[in-house]
Amino acid sequence: MAHDDGRQYQTGGRPVHPPGPGAPAPRPATTYMGFYFWYWCGVTVLLLMGSLFFLAHDLVGTGLLGLLIAGLSALYARYLYRGGRYRMMFIIF
């Protein structure tokens, strides 16, 4: 049975209600989760593992620097996850 009263309905026939004034807004459909997001997630994991390796081998300065860089790359991945417009990628050989 079709509903023709001008409202939107979910699967199952329940009406879709817009969020109230205090409700958080849903994530936009334009959120970018393409190649760059996954690239920076991988870079973050690799940096975290490398810095933990250096910390385990008593190279505290190098390990802490790696943790700092891993934190910055995690923040950038979060920025991309939330729909960030500026994308960059470094390739080091």
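Residues numbered from 1 in each chain as written. Predicted model: local features only at pLDDT ≥ 70, side-chain atom pairs only at ≥ 80, totals over all residues. Heavy atoms only, no water.

## Observations concerning the overall build of the protein chain
Reasoning step 1: Broken down by element type, the protein chain carries 2 helices and 0 strands.
Reasoning step 2: Out of the 93 residues in the protein chain, the part that is buried amounts to 15%.
Reasoning step 3: Put simply, of all contacts in the protein chain between residues at least 6 apart along the chain, 53% involve residues at least 24 apart. (Helix = DSSP H or I, 4+ residues; strand = E, 2+ residues; numbered from the N terminus. Buried < 20%, exposed > 50% of the residue type's maximum accessible area, 1.4 Å probe, protein only. Contact = heavy atoms within 4.5 Å.)

## What about the packing of aromatic side chains?
Reasoning step 1: Overall, the coordinates contain 8 aromatic pairs when judged by the stated rule.
Reasoning step 2: Their ring planes at 75 degrees and their centres at 6.0 Å tell us that F35 and Y36 sit as a pair that is edge-to-face.
Reasoning step 3: Both rings, one in Y39 and one in W40, keep their centres 5.5 Å apart while their planes meet at 90 degrees; by these two values the pair is edge-to-face.
Reasoning step 4: Ring pairs connect the aromatic residues F35, Y36, Y39, W40, Y76 and Y79, which therefore count as one cluster. (Phe/Tyr/Trp six-rings, centres within 6.5 Å; stacked < 30°, edge-to-face > 60°.)

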